[in-house]
Structures are given as structure tokens and as C-alpha cells.
Amino acid sequence: MPNPIDTTEWQSLAEHAGAMEAVHLRELFADDPQRAEHLCLNLAGLRVDFSKNRVTADTLSRLTALARAMAIPERIQAMFAGEPINSTENRPVLHVALRDPCGDAAAVATVQQQMATFAKSIRSGARSGHTGEPIRNVINIGIGGSDLGPAMATQALRPFCDRALTVRFVSNVDASDLVEAVRDLEPASTLFIVASKTFTTDETLTNAASARAWITDSLGEAAVADHFAAVSANPERTGAFGIRPENVFEFWDWVGGRYSLCSAIGLPLMVAVGPDHFGAMLQGFNAVDRHFRDTELERNVPALLGLLRIWYGNFLGATTHAVLPYDQYLARFPAYLQQLEMESNGKRTRMDGEAVDYETGAIVWGEPGTNGQHSFYQLLHQGTRLVPADFIAFARSQNPQGEHHDKLFANVVAQGEALAFGRTTDEALAEGIPAELAAHRTFDGNRPSTTIVAEELSPHVLGSLIALYEHSVFVQGAVWGINSFDQWGVELGKSLARTILPELQSGAAAESHDTSTNTLIDWYRANRRGATE
Ligand code: F6P
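Attention in this report is confined to the structure presented alongside it. Quantities reported herein were computed from a predicted structural model and do not represent experimental measurements.

Cut-off values and rules
Residues numbered from 1 in each chain as written. Predicted model: local features only at pLDDT ≥ 70, side-chain atom pairs only at ≥ 80, totals over all residues. Heavy atoms only, no water. Helix = DSSP H or I, 4+ residues; strand = E, 2+ residues; numbered from the N terminus. Rg over C-alpha atoms; globule rule 2.2 N^0.38 Å. Buried < 20%, exposed > 50% of the residue type's maximum accessible area, 1.4 Å probe, protein only. Contact = heavy atoms within 4.5 Å. Areas by Shrake-Rupley, 256 points an atom, 1.4 Å probe, with all protein chains shown as cover. Expected span 1.5 Å × (residues − 1). Phe/Tyr/Trp six-rings, centres within 6.5 Å; stacked < 30°, edge-to-face > 60°. Lys NZ or Arg CZ within 6 Å of the ring centre and 35° of its normal. Pairing = 2+ DSSP bridges. Axes fitted to C-alpha atoms, helices over the stretch in contact; angles between N-to-C directions. Near = heavy atom within 4 Å. Polar contact = N/O pair within 3.5 Å; in protein donor to acceptor, adjacent residues only side chain to side chain. Nonpolar A, V, L, I, M, F, W, Y, C, P; charged D, E, K, R; others polar. Salt bridge = Lys/Arg side-chain N within 4 Å of Asp/Glu carboxyl O.

**Focus on the overall build of the protein chain**
Next up, step 1: In terms of regular secondary structure, the protein chain is built from 21 helices and 11 strands.
Next up, step 2: Its C-alpha atoms give the protein chain a radius of gyration of 25 Å, within 12% of the compact-globule value 24 Å for 533 residues.
Next up, step 3: By principal-axis analysis of the C-alpha atoms, the protein chain measures approximately 75 × 55 × 55 Å.
Next up, step 4: Scored against the burial criterion, the 533 residues of the protein chain give a buried share of 52%.
Next up, step 5: Considering only contacts in the protein chain between residues 6 or more positions apart, those separated by 24 or more positions represent 75%.
Next up, step 6: For the protein chain, the exposed area adds up to about 23100 Å²; of that, 51% sits on carbon and sulfur atoms.

**A closer look at helix 6 (residues 106-123)**
In an α-helix there are 3.6 residues to a turn, and that puts residues three or four apart on one side.
Next up, step 1: With 18 residues, helix 6 extends 26 Å between its outermost C-alpha atoms, agreeing within 8% with the 26 Å of an ideal straight helix rising 1.5 Å per residue.
Next up, step 2: For helix 6, every residue scored as buried is listed here: Val108, Val111, Met115, Ala116, Phe118, Ala119, Ser121 and Ile122.
Next up, step 3: Two residues or fewer past helix 6, Gly125 is found with a positive phi of approximately 90°.

**Observations regarding the packing of aromatic side chains**
Next up, step 1: One pass over the structure, following the stated rule, counts 18 aromatic pairs.
Next up, step 2: Grouping aromatic residues by their ring pairs yields a cluster made of Phe192, Phe199, Trp214, Phe228 and Phe241.
Next up, step 3: Across from the ring centre of Phe241, 5.3 Å away, lies the NZ or CZ of Arg212, which sits over that ring.
Next up, step 4: Sitting above the plane of the Phe80 ring, Arg293 keeps its charged end 5.7 Å from the centroid.

**Comments concerning the sheet that holds strand 3 (residues 137-141)**
Next up, step 1: Taken in spatial order, the five strands make up an open sheet running 4-3-5-6-7, and their pairing is parallel. Bordering the open sheet on either side are strand 4 (166-170) and strand 7 (248-250), each of which pairs with just one other strand. This sheet shows a mean twist of 20° between the axes of neighbouring strands, independent of strand direction.
Next up, step 2: For strand 5 (residues 190-195) and strand 6 (residues 228-232), the ladder comprises four bridges, and the chain directions are parallel. The residue of strand 6 that forms the bridge with Phe192 is Phe228.
Next up, step 3: In the packing of helix 8 (residues 175-182) onto the sheet, contacts are made with strand 3, strand 4 and strand 5, and the angle to strand 4 comes to roughly 170°.

**A short note on the site of the ligand**
Next up, step 1: Residues in close proximity to the ligand total 14 residues, the closest being Gly145, Ser146, Ser196, Thr198 and Thr201.
Next up, step 2: In this structure, Ser196 approaches the ligand through a side-chain N or O atom, which is 2.6 Å from an oxygen atom.
Next up, step 3: Within the contact set of the ligand, an oxygen atom lies 3.2 Å away from a side-chain nitrogen or oxygen of Gln339.
Next up, step 4: Coverage of the ligand by the protein amounts to 88% of the 390 Å² it exposes when considered alone.
Next up, step 5: Split into classes, the residues belonging to the shell around the ligand amount to two nonpolar, nine polar and three charged.

**Regarding the pattern of salt bridges**
Next up, step 1: This structure, assessed with the given rule, holds 22 salt bridges.
Next up, step 2: A salt bridge links Arg447 to Asp444; the nearest nitrogen and oxygen atoms lie 3.0 Å apart.
Next up, step 3: A relative accessible area of 45% means that Asp444 is categorised as partly exposed.
Next up, step 4: Here the salt bridges share partners, and the residues they tie into one network are Glu89, Arg91 and Asp253.

**A look at the pairing of strand 1 (residues 40-43)**
Within a regular strand, the side chains alternate between the two sheet faces.
Next up, step 1: Relative to strand 2 (residues 46-49), strand 1 runs antiparallel, the two being bridged by four bridges. Within strand 2, the residue paired with Asn42 across the bridge is Arg47.
Next up, step 2: Hairpin connection, strand 1 to strand 2: the antiparallel pair is bridged by two residues, and Ala44 has positive phi, about 45°.

As C-alpha cells, then:
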């Protein structure tokens, strides 16, 4: 695989970026009255409007040329064919098989059936705990990919959830997370799902041990089997924890944690929304998968979304990307995307082992609109940095109420318009703004955004939306020549924490670290609970 910056396609984009710096979105719209139509694509219930991006047809053809030079079409086929494209772990990357109804992975269908049986048994009230009381509360204990996907999606699909059930998520090793989650619950009607691919993750095992104590303190040791299930690729360890084999849901090393929502990691979501809605979500994922696999780059929506990130990050100097859902149920979507994008593409070593000499993964962030408008949008509109944004909005609210939804949609449309077109000083003066304030009240515009809309936030649309971002992440990583499917960068901090823990608990002053770290350890030892009493 070539170094992307050595390709003529990269050089051509660099030259083109120089010319495009001076081109304003106002001009681009004025030059092409059909621009919105030309740059809007539909797929799987989503309408993706790329027109407010700082691109011309020429830009897009240079970007797709770069993608071809970096063998993106071949990389896509290699992923779907199950080739071991996760090269540092020598594994295939087959999350797409989890939502392929025509797939040949019999194990996928078996586990989905097992999940459906389990979910239905809880939803119907048939599954009881150790005392015979029905299970009404389900708490997922997991972190990272074993938490963010199902937690985000359960919140996103709240209107489709059985409100008689309580489904919560505990991830942080901070005990407050677990304590608050169980505070108002009865152990007799509570079941924990311990979700960990490896079943070695310290935060999850610590929370699981405390949850186990919460159950056994009240119901006795024999209750564990009735109050715990597990989702894991490590059945030996789940057995050692005391979980019955029939309550262990398997997933496989070819499913990356941050790509695992469609696997058994989605079990708490399936409990909350039921197998039918979960199935509809899988169909949304699958529709985008097929589009991504079968569509030429020029009309391939996830590919274009990814290539635009390359354009802004590598050629126009953007370092962050805002994702701004105008739907309260998508409040956790930016947090979910942070793992998906930053754990996948926050890499500085190419697959060939060489250090990159170009920027890779952007910092992804965001908040639901309209809240963000009263917080950080000032910087988006008038700050000095280029921050491309994705707006996500729906035509219909799940909670129609007076003018609320019209106002919400008016705001998302207004923000994209204001960012793109701004307000010139002349326009400000013409509106009667005093001359001494005109500069402060001028908006230079030319700030790019993509607007993704759908009729409503249904399970199908949620699946489409997530798959859209998953594949855009793939395209970016493939252009950069990095492996988007490992995460070695999380290891060092984990191993240092294991070294530091006994030092915090020991009587001796810390000496083995730098002076800052030693001092922090000693300060904690002097002030931790018990030390001063
Ligand atoms: O810390 C990183 C990570 O390995 C993520 O990639 C993963 O989603 C998370 O930890 C949880 O891992 P597990 O499911 O094995 O507990």
C-alpha cells in the first residue's frame, strides 16, 4: 500500500485545496442553482445533504481518485470477504455478517435465536429470579464497546422500549455508577448482564464482583446463577464467575468491541425493545452495508462522508469534527461515535509499521441541539478554527407537542444556513446594526456541514445511521493506511494502573515513577479514606 501523501492524487488534492481556500459556499451555490439536488443522496431511509460542504465536482472526483489510489474498493471487498484485514491481530473484520440475513454464519443465527428467547422470557414476565419474583430490572455491566453501543441505542429507541422494564447501564469503575444504578431496585427482581468480550476488563470485573455481592448479600450465594447472564467470547471465565452456560451469549473475535452492537452485546437493547425492533435495526444496518459494498465511490454515501473528513482534516486544516443530533434521544450518539472514530483511527503507525507523516483521526465531539447552540456554537460561527459539522434531524418527533418539533427543525436548518452563508458586514449594516458593532456582528460563513435527515428515529433508521458512520470510519482508516480495528493505545495506561494500585494501598512512599506521579500517589495515600481518621 503506498504512503498516501506520495501519491499524485494526494498532491493534486493539496494543489486543489490551495485554490479552494478562497472559494466561498455562497459562490458555489450561486454557480449551481441545482447544487442541493446534485449533492444530496438517499440511502436506507436517510437523506444526506452534502451540498453545504466546501467541495466542487472536481474536489469529489479528486477525493475518489485518492480513494482508488489507496485501493478502497478492494479494501471494502476484502472486509466483506472475511480477509484478515485486522493485520496486527491477524483477524477478519466481519461485523457486517451479524446483520446479513443471507449470511452463512450459522453461529450468528443461533445466538440471535438464543437472545430472542432470553429477551422474550424477561419481557413476558416468565423469567424469575431466585425467589420466584419475575425479573423486571436488567443492568448491563460493560465498558467501551460493551457499553456505549447498547446504552446509546437503548436511549435512542426509548419510545420503542417496554416501559414496565428498567434497563440500565453501568460502566465506570467509579462505584457511584453501580451504587446509583441499583439504589432503587430490589435484588430479587434484578438481573445483571456482564458484557465483556475478553472477560478480563478490570472495570467490568470489578463492577460485576460488586454486583454479585449485592445479590448474594440479600439472596445468598445460590442466587448468582439466576441473576447473572454474560456476553463474552471467553466462556471459561464466565463459568468461573458462576454463570450458567445457557445464560452465556457468545460473540467472536472477528467482531470488534466498538462494532459489536449487532452481536449479543445488543442483548440489553433487545430486552428493552424486543426482538422485532432489534431485527428492524439490523435491517437498517444491512441496507447500508449492501450500499457500501455495491455502490461506486461517486455515489457511495459512507465513502463520501469519510472522504470529506480526509478533505477537511488533511487538506483544509480541521482537527475536530462536531456531530450535532437534533433529537434528544440521540444524546449519547456523539459519545458512541467518539469510541467508534477515535479508537479506530487515532493511530500514528501505518499497517506497514512506518510512522504516518500526515494527520489521522479527527477529534469527534458534540451535543444534542438545541442545547449546543447556547453553549459552543459561538465558536462554530465566529471562532478562528474550522470545525466541520454533521447535523442529524428528523421530520417527525416521537413526542409531537405543540410547535416544539417545528421549532427544533427550524433551528437545525437555520444553523446550517448560518454556518454556510454567514452575514456580511454590508448585510449587517443594511439591517441597521450600528457601524461600531458591525465587525462583531458579521459572520464570515463558509463553514461546512453535512445534514442527515430521516422521517423519524425508528429502529431501522438508527441502524442505517450507525452503519453509515461505521463505514465512513473504515474509508478514512483505509485512505490513511492504518489498521482501524486494533486499539493498542489503550494498553499502556491500563498496565500502569495495575502497577500503581498496590502503591496507593501500600505504606511506603512511591519512588519508582517521575516526581509528579510519585507525588500524586503519595498525596492520595495521605488523603484517601481511612488515612486521616
Ligand atoms: O479499552 C479498550 C477496549 O478494549 C475496547 O476496545 C473495548 O470495547 C472495551 O475495552 C471493553 O472490552 P471488553 O468487552 O473485552 O471488556
